[in-house]
Amino acid sequence: MREKTNNISKDLACNKDKTIILHSPKLFETGFRLNVITGKCISLYSLFKKLGYEISFIDENHKNINQESLENFLENNPRLSDDNVIILTFLSKTDAYGPVLKKIAKRLDIIKEKYPCIRIYAFGYLAISALNDLLEYTKIDGILTYDGIVSKEKTFTNDLSQIVNSKLNTYSSLKDIPEAYFENKKDSIISIDGSYGCRGHCSFCAYNMDISSGWTKLNLDLAAQDIKFLYHKYGMHRFAFTDNDFGGSKEECIERSQTLYDQLRDIKNNISISLNIRSETLTRKSIDLLSGAGVKVFLIGVESFHPKNIKKIYGKSFCINHLYDIVSYADQKGIQVVSSYILWHAWQTIDDIKYEVEEIIRYGRFRIPQFIANSIVRVMPGTSMEEKLRRNGLLIGEPFDRHFNFQDLNVRDLYRKVQNNFEDHIKPTLRNLNENNKEDIRKVSQLKIDEFNWFLSQL
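Residues numbered from 1 in each chain as written. Predicted model: local features only at pLDDT ≥ 70, side-chain atom pairs only at ≥ 80, totals over all residues. Heavy atoms only, no water.

1. Things to note about the overall build of the protein
Thought 1: In terms of helices and strands, the protein carries 15 helices and 18 strands.
Thought 2: Taken against the 2.2 N^0.38 rule, which gives 23 Å for 459 residues, the C-alpha radius of gyration of the protein at 22 Å falls within 12% of a compact globule.
Thought 3: Looking at the protein as a whole, 55% of its 459 residues qualify as buried.
Thought 4: Counting only contacts in the protein whose residues sit at least 6 apart along the sequence, the fraction spanning at least 24 positions is 75%.
Thought 5: Roughly 20500 Å² of accessible area belongs to the protein as shown, and the carbon and sulfur atoms make up 47% of that amount.
Thought 6: In the protein, which carries 63 positive and 59 negative side-chain charges, the distance between the mean positions of the two groups comes to 2 Å. (Helix = DSSP H or I, 4+ residues; strand = E, 2+ residues; numbered from the N terminus. Rg over C-alpha atoms; globule rule 2.2 N^0.38 Å. Buried < 20%, exposed > 50% of the residue type's maximum accessible area, 1.4 Å probe, protein only. Contact = heavy atoms within 4.5 Å. Areas by Shrake-Rupley, 256 points an atom, 1.4 Å probe, with all protein chains shown as cover. Lys, Arg positive; Asp, Glu negative; His and termini not counted. Charge placed at Lys NZ, Arg CZ, Asp CG, Glu CD.)

As structure tokens, then:
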């Protein structure tokens, strides 16, 4: 049992004699996405630097030619091996829970074995969701939460946790980043924060586990000003809001869209913004405003097209007719709609799959980025989905992994075929592709078309 205390640990209290290594590990299984700059981390990097800390930033999600891995960085800087060195690993996307997180955890364990004096702390949505796994099955020293640093023995607060948590809880300015950081990165995607959390309350989602309320607005005026600043100063033109729920509600979405429009309309034709947004928060008015602000992509979670699944499995309610209306209107306004979607879950039936497939065709397979094999529920620790699977005797729980048995054996057999097809005919090709090559983008599209056609033949 971990003992909780508010006392600052003198031994672990962070001060300006400490050296910080900020680490954003690769969270994508393939090498296709190479040009994402983690805005939250470069903002933290800037803040620590401003406070007088010695800090380095290793961003493995941005594979420029000069980027080192964390292991290589430590190897090339042998002085960074004593107890004054702290590694802060940013674990953000919860869909990396499973094999990807397990691989990262193994890497951190090897580093800890090689450099036992270095302290390693993890922070972010994924770190908090997987807190128990990380503390029980790895050698890392703790997880940064809003209560402070949770270690194997206790919870304590110190300067380090307060600095990081203050940054996570407020808008993180990108104006103070050293100019050298943006060299040769004009075409990279810069992640921007506009809000924190989500009001969706999906049964499988872990994005609200580390906050007391469902959704927190950050300062969108500052975010828009940063976009203008980065565009004018460095020529950056690709931006992605990291929000899980940009809009909040219909009224708030209009208000926030107006803010972006007022700030960015003069450069709208020169920038491209993508954002995560729930369909129920969108209206034609907010779409007009967002289009006029340079938004080019909506990332909309659909989860399922079957009303039974939406309500009973995912605990949501949404109007399919409203979805089609706003998608059609977004098309007219030049905004591409991309949807996260889940075909496979423990209670799926063959008849329901056939229903879903008809809706996928109607909606547009091109709007769904996942391969059919990857369109499956990610079971996160602590969610109502995990508890429901446990109650039904369908949960398979392992360290760094939660998955499930299918209730319908025919669905189980079909999914195994889909998995085998992906492993044998898609994954080997996918490993060698990346987004910098337009021909590779076409190859990925063709792989998805081929997989979907093959899948239809199995039905």
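That shown, we press on.
2. Topic: helix H6 (residues 159-168)
Residue pairs three or four apart in sequence face the same way in an α-helix, which turns once every 3.6 residues.
Thought 1: By the criterion of burial, H6 is predominantly enclosed, with seven of the ten residues buried.
Thought 2: Three or more residues of H6 are buried, namely Leu160, Ser161, Ile163, Val164, Asn165, Lys167 and Leu168.

3. A short note on the environment of Ile368
Thought 1: Looking at the secondary structure, you find Ile368 in the loop between helix H12 (350-363) and helix H13 (384-391).
Thought 2: You can call Ile368 buried: its relative accessible area is 5%.
Thought 3: Along the sequence, Ile368 and Phe73 sit 295 residues apart, while their C-alpha atoms lie 37 Å from each other.
Thought 4: Leaving out residues up to four positions away in the same chain, Ile368 has contacts with Phe305, Ser339, Tyr341 and Ile360.

4. Re the nonpolar core
Thought 1: If you look at the biggest cluster of nonpolar residues, it comprises 104 residues, and the most contacted ones within it are Phe48, Leu88, Phe241, Phe298 and Trp344.
Thought 2: Top contributing element to this core by residue count: helix H14 (residues 409-430), with seven residues.
Thought 3: Not counting chain neighbours up to four residues away, the residues in contact with Trp344 comprise Ile353, Ile372, Ser375, Ile376, Val377, Phe404, Phe406, Val411, Leu414, Tyr415, Val418 and Phe455. (Core = buried A, V, L, I, M, F, W, Y, C linked by side-chain atoms within 4.5 Å.)

5. Focus on the sheet that holds strand S15 (residues 295-303)
Thought 1: Taken together, the six strands give an open sheet; going across it, the order is S3-S10-S13-S14-S15-S16, and neighbouring strands pair in parallel fashion. For this open sheet the edge positions go to strand S3 (36-37) and strand S16 (336-341), each flanked by a neighbour on one side alone.
Thought 2: Summarising the sheet, S15 and S16 pair through six bridges and their orientation is parallel. Directly across from Glu303, in S16, lies its bridge partner Tyr341.
Thought 3: The sheet strands contacting helix H11 (residues 320-332) are S15 and S16, and the helix crosses S15 at an angle near 160 degrees. (Pairing = 2+ DSSP bridges. Axes fitted to C-alpha atoms, helices over the stretch in contact; angles between N-to-C directions.)

6. Observations regarding the pattern of salt bridges
Thought 1: In this structure the tally under the stated criterion is 25 salt bridges.
Thought 2: Between Asp245 and Arg278 there is a salt bridge; the shortest N-O distance is 3.3 Å. Here Asp245 is found in the loop between strand S13 (238-241) and helix H8 (250-264), whereas its partner Arg278 is found in the loop between strand S14 (272-276) and helix H9 (284-291), with 33 residues between them in sequence.
Thought 3: Accessibility expressed as a relative area gives 0% for Asp245, which makes it buried. (Salt bridge = Lys/Arg side-chain N within 4 Å of Asp/Glu carboxyl O.)

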